[in-house]
Protein chains: 2
Amino acid sequence: MSKSEISACTTEVKPYHHGDLRRQLLDAAANLIREEGEAALSMRKLALAVGVSRTAPYHHFSDKQALLCAVAEEGFRRFRRIVTTRLDTAEPAVVIDEAAIRLFIRRYIDFAVNNAEYYDLMFGGHLWKSEQLTASLKGEAYTSFKVYVDQIRCWQKARLVSSTVDPLRYAQVSWSTLHGMSRLLIDGIYLDSEAVAAMSDAAANMFWQQLQAA
Amino acid sequence: MSKSEISACTTEVKPYHHGDLRRQLLDAAANLIREEGEAALSMRKLALAVGVSRTAPYHHFSDKQALLCAVAEEGFRRFRRIVTTRLDTAEPAVVIDEAAIRLFIRRYIDFAVNNAEYYDLMFGGHLWKSEQLTASLKGEAYTSFKVYVDQIRCWQKARLVSSTVDPLRYAQVSWSTLHGMSRLLIDGIYLDSEAVAAMSDAAANMFWQQLQAA
DNA sequence: ATGCAAATATAGACAGCGTCAAGATGCCTT
DNA sequence: AAGGCATCTTGACGCTGTCTATATTTGCAT
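Quick look at the structure, then.

The rules behind each value
- Residues numbered from 1 in each chain as written.
- Chains lettered and ligands numbered in written order.
- Predicted model: local features only at pLDDT ≥ 70, side-chain atom pairs only at ≥ 80, totals over all residues.
- Heavy atoms only, no water.
- Helix = DSSP H or I, 4+ residues; strand = E, 2+ residues; numbered from the N terminus.
- Expected span 1.5 Å × (residues − 1).
- Buried < 20%, exposed > 50% of the residue type's maximum accessible area, 1.4 Å probe, protein only.
- Contact = heavy atoms within 4.5 Å.
- Buried area = accessible area lost by both parts, 1.4 Å probe.
- Polar contact = N/O pair within 3.5 Å; in protein donor to acceptor, adjacent residues only side chain to side chain.
- Nonpolar A, V, L, I, M, F, W, Y, C, P; charged D, E, K, R; others polar.
- 1 Å grid on protein atoms, 1.4 Å probe; cavity = no way out; pocket = protein on both sides within 12 Å on 5 of 7 lines; lining within 4 Å.
- Points joined across faces, edges and corners; volume = space filled by probe spheres on them.
- Salt bridge = Lys/Arg side-chain N within 4 Å of Asp/Glu carboxyl O.

## What to know about helix α2 (residues 21-36) of chain B
Residues and elements named next belong to chain B. Spanning 16 residues, α2 covers 21 Å between terminal C-alpha atoms, matching the ideal 22 Å at 1.5 Å per step. What α2 keeps buried is the set L21, L25, L26, A28, A29, A30, L32 and I33. Tucked inside the fold, the buried residues of α2 contact α3 (43-50), α4 (64-82) and α6 (116-122). Looking one or two residues past α2, G37 carries a phi angle of roughly 90°, positive in sign.

Have a look at this one:
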């Protein structure tokens, strides 16, 4: 007697093959991390959450680490859509002013804080020190950074930013600032959420001044 | 027959009471984290490393979390000694220039990178989101930050930095930068260690320019 | 259509984890 | 000497990641 015969009498028919497991695992993982923190995510809870046995996920992800990698990849997709949309456009931005920088900073921080479950994985030590880091994942991150550097180079050629600025160094330092603010907010060290806007604007002012330096 | 009688014939006499367990646990914990990463630290391995049974540490620390808190506290002690030594002195620094800022930045990054096992705990989410965070620990962190802000206020009063600078915002943003750089280096996202000095100097330039802003 | 391989799901087992409860041992005070 | 207290030990529990072996289903080749 097959299981489907047993469950046939109930309203919910649960097929042996789940059909959409990989996708649902990724979503459920992100949800679990968001709600209970990364530490609370276990393969077993995850499997239970989507209604399969504890070892089923291992047919879609070789490892817990591999699963987390895939979640991070999803994160990078969202990141690109939200943050780099305007920077990635074919025609380089014709205007660059403090307001534009402010907007970019707010977008970045917003993404990090409101998608902490992804941000943690994307730019956390777990992934980057783990050797498991996919080439495609590493590429995705480096590409995002390169786009940022190239943007500055482009502005510089168009005489929109000072020629004394080293685009690579500026990119490294300013990204550090954004990452640092994000981490301090996510980790609960900066608690005053009222101050986020003021901090972002102060950073924008600092960046802008640096870009205009004589 | 007591255990000491058994081991009396060997060169190593192991008394029932360890005598110095708490101290050794803290040191061994830092070592284990340094060598194998925070994730690899387990209470059982730790106990084994210092030669006691698995539950012995629980007589000195109520929790694994409590143990980590204590390690972080040790970290803050070292942090203050190394980084804020010059800033904490009674007489405020009479000179403040880009070189001084460079030095401070390098000290900070140096500490973070070379004491990653402490830095992770001191400024990582594990601690700060855990409710277990001791009042004294939180105080230690806030004091460090306050010293930083007050230093800037002091310089401002002495007309050494522009009056247009908001000390609190400047402190928040510049600390974010330092924290971000540290994290990116520790987590292996910034790999080029050659570039650390150049990045630090670029940051110093940025900070200095901001402080001198008209 | 039939049969067989591949994909997918399952239960069982193992070592390691944090930590609680009960008991053993040694030190210190009275 | 006695007894209380700090310290350390063993035993146990439920949780974890993941290996192995087994069962079910799908899809393709015949």
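On we go from here.
## Side note on the interface of chain A and chain B
If you look at the interface, chain A gives 36 residues, while chain B gives 36 residues. Its largest share of buried area at the contact with chain B, chain A owes to V173, I189 and M206 of chain A, together 20% of the area lost on that side. Counting across the chain A and chain B interface gives 5 residue pairs in polar contact (both at pLDDT 80 or more). Where the side of chain A that touches chain B is concerned, the elements lending two or more residues are α7 (125-128), α8 (135-157), α9 (167-186) and α10 (195-211) of chain A. Sort the elements by how many residues they give to the side of chain A that touches chain B and α9 of chain A lands first, with 13 residues. Taken together, the residues that form the side of chain A that touches chain B break down as 21 nonpolar, 11 polar and 4 charged.

## Quick notes on the layout of surface pockets
The probe, sized like a water molecule, is rolled over the atoms to show the empty space still left. Each pocket or cavity is described by its volume, and for the largest pocket that value is around 1,700 Å³. Around the largest pocket, the lining is made up of 50 residues, and of these E38 and H126 of chain A together with E38, G125 and H126 of chain B lie nearest the centre. Here the residues of the lining of the largest pocket are counted per class, giving 17 nonpolar, 14 polar and 19 charged.

## Some words on the pattern of salt bridges
Residue and element names in this part refer to chain A. Per the counting criterion, the structure on display carries 25 salt bridges over all chains. Where D150 meets K146, a salt bridge forms, and the shortest distance between an N and an O atom there is 2.9 Å. Taken together, the residues D150 and K146, both in helix α8 and 4 residues apart, mark about one turn of the helix. Look at D150 and you get partly exposed, because its relative accessible area is 30%.

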